[in-house]
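# Chain and residue survey
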Amino acid sequence: MWTTDQNQNAAPQERPDLDRELSLSIFSPLSVLNLPWKIGKMKLTLIFLLYTICFAQCSVQNARVVIVGAGAAGLTAAGTLVEAGFDPQNIIILEGRDTYGGRIRTDTSLGFPWSLGPMWIDGIGRYSGDSFQGSDDEYDGCGFKGIPYNLPTGKLCQPVEAIATKYNIDYKVQPDNSVYWDYDGTFLGYDRACQNQESPLTYPCTDTPGPYNIPTQIVQDWGGGSGYSSDLNRTCMLGWLVWNAPTNAKSDDSVQSGVNQCDLKFQQIGTDTVNHTRYRNWQLQSAITCDYACDASADSWHNFEEDGWFNDRDATLTDGYQGVADALYNRVKDAGVNITYNAKVTAIDSSTPTVTYNSGAVMKADYIISTVSFTQYKNNKIRFTPVLPSTFQTAMNHLQQGHLEKVMLTFNSSFWREYDPKIRAHTGWLMFMSDTIGEYPEFNLMDEWNGQNAMLTWVGGEYAREQASKSDEEVRTRLQEIINSMWPTAGDASTILQMVRSNWTNDEWTMGSYSYWGVHYDMYYDWKALLGPIGQVHFAGEHTRRDHPSSMEGAIWSGEDAANEVCRAVGGCKSFVFHPDTLVDAHAQR
């Protein structure tokens, strides 16, 4: 409380020079009172600090923030703002769907939960000083590749794992043991059949894993021998691309262009081109299309493997990702943040700033955080006034939406273990090398991690778009043919009982699964353009992270980043982060 001297006529007391009298006429908030203020320099400094803190706190408490989208990024942004001191009653979330979670969607129609959207925890483990415990990864395990965070020993820095640990959400490291089948049902061999650091389980060691997950048995069966394997180790597609892309890639090169160069290497060493091409196509589907959700011909080589690495011990959430969505939601609900569902945002005015939704309703804000899929902007589902800057529009043209569709199949029993001695204990994957490019390259054996008599498979890229237009019966018929080719003697045991599949391609809110950078992408300027802010509008979502894009981790961190940017714009609120960010500026890190 500001006060005045109650005894203005009292004799002044002696004070040292440090406490000499100063006029406060320069302080406009005080001078307007026209009071005969006389105060010492030390007291003036203290009052100035108190005044600044009070003003900033009032700004934080009164700032009204509208968040568009109640997915992982939006919920995280709201929770971060609450932690930073914003009044929860002044934080409004507008969500177009009838529930929270965005692309976190868990299906239970088959009698058990499984994730239609994100499914994995991408790298787990505690930081032990120089590396993650139990990891041989030469990169830092927490964030942007090559830039270590200043982490205390034992701290979890994988955000999804941190949430799962805090809220007791079960997750399990899944064995990477794989068996391989050719397109005609021929058994090709094993991979990762020995004791594996990626799992606490121990299994018999009778086969040697080949380079870059290429089974040695396949390499030998296809006529290469040890010399082939040695040359392949130096020139194989993925390894060659990873280590040559940073220096050799041009902005208009695709991953496919790198593969074509790799093919020249194979021709030089005289490989079996028919078998190599089929295996190469499978490797592309498994490692590129089903990871980046796009074909190798569409994915930028310039961006390949430049998205940051976690520790390589992946895990699955036993009951799906819904527990993560619930944790993020409860954080804001318990604080008193309001979420309005079925609120379809159609326009954002960055100059006012205002948000228009449901055909005319207008909500005024001091700041807006838009966390929806970039496809809403790109396809003019949300109109901006003024129009988005040309740099933003150019970046959106280079940014593409990927397509990844999952299919869950159930059976009467886990017949693959009953009828096939080749499926050993702790085998988690079946790899199928179809003669049709893009067709179901991987089958995840669900009995290994949740005890269900089920298989999960998926497709990506243009093949996924094609599958999204087919009927359930067409998809089911083809999958039954594939399974019968692998186990021709299983009979009725291999009959598919039920099938459920995702349909992100036709989802009106995302129009696909997650983002990727296409050819002609500029690694720095395009990414930076998408960050904003534009006026008082800030942006978040997996597509805004340079490290860990296209992931749940990226979505969570982007929500933090946008909230911290609003904090800096308001001034006076503490910058609260879910992950340590002491060595790299948060905005530059995105």
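Residues numbered from 1 in each chain as written. Predicted model: local features only at pLDDT ≥ 70, side-chain atom pairs only at ≥ 80, totals over all residues. Heavy atoms only, no water.

## Quick notes on the packing of helix α4 (residues 159-166) against helix α17 (residues 552-570)
Between α4 and α17, the least distance of the axes is 8 Å, while the angle of their chain directions is 85°. With respect to α17, the axis of α4 lies roughly perpendicular. Here P159, V160 and I163 of α4 lie close against α17, whose contacting residues are M552, E553, I556 and W557. Of the residues assigned to the contact of α4 with α17, the class counts are six nonpolar, no polar and one charged. (Axes fitted to C-alpha atoms, helices over the stretch in contact; angles between N-to-C directions. Helix = DSSP H or I, 4+ residues; strand = E, 2+ residues; numbered from the N terminus. Parallel < 35°, antiparallel > 145°, perpendicular 65-115°, else oblique. Contact = heavy atoms within 4.5 Å. Nonpolar A, V, L, I, M, F, W, Y, C, P; charged D, E, K, R; others polar.)

## Focus: the packing of aromatic side chains
Summed over all chains, the structure comprises 17 aromatic pairs. Plain terms: the ring middles of Y377 and F539 are 5.7 Å apart, the flat faces sit at 80° to each other, and that makes the pair edge-to-face. Placement of Y377 in helix α11 (residues 375-378) and of F539 in strand β25 (residues 537-539) is noted, with a sequence separation of 162 residues between them. The class for F539 is buried, based on a relative accessible area of 1%. Clustering of aromatic rings is evident, with ring pairs tying together W181, F411, F415, W416 and W487. Stacked on the ring of W527, the Lys or Arg R546 has its end atom at 5.4 Å from the ring centre. (Phe/Tyr/Trp six-rings, centres within 6.5 Å; stacked < 30°, edge-to-face > 60°. Buried < 20%, exposed > 50% of the residue type's maximum accessible area, 1.4 Å probe, protein only. Lys NZ or Arg CZ within 6 Å of the ring centre and 35° of its normal.)

## Brief notes about the environment of P488
As for its placement among the helices and strands, P488 is situated in the loop between α15 (472-486) and β23 (498-501). In the structure, P488 is positioned 303 residues away from G185 in sequence and 8.5 Å away in space, judged by C-alpha atoms.

## Comments concerning the sheet that holds β25
Reading across from one edge, β12-β4-β3-β16-β25 is the order of the five strands in this open sheet, with parallel pairing throughout. Looking at strand neighbours, the two that pair on one side only are β12 (338-340) and β25, the edges of this open sheet. Here the strands of the sheet are splayed against their neighbours by 20° on average, with no regard to which way each runs. Where strand β3 (residues 65-68) meets strand β4 (residues 91-94), four bridges bridge the pair, whose relative direction is parallel. Looking at the pairing, V68 lines up with L94 of β4. (Pairing = 2+ DSSP bridges.)

## Observations concerning the sheet that holds strand β7 (residues 120-121)
Pairing in this open sheet of three strands is antiparallel, and the strands run β7-β11-β8 from one edge to the other. Each having just a single partner strand, β7 and β8 (171-173) make up the two edges of the open sheet. Note: β7 against strand β11 (residues 315-317), two bridges, orientation antiparallel. Note on β11: the bridge partner recorded for I121 is A315. Each of β7, β8 and β11 touches α4; the most contacted strand, β8, lies at about 125° to it.

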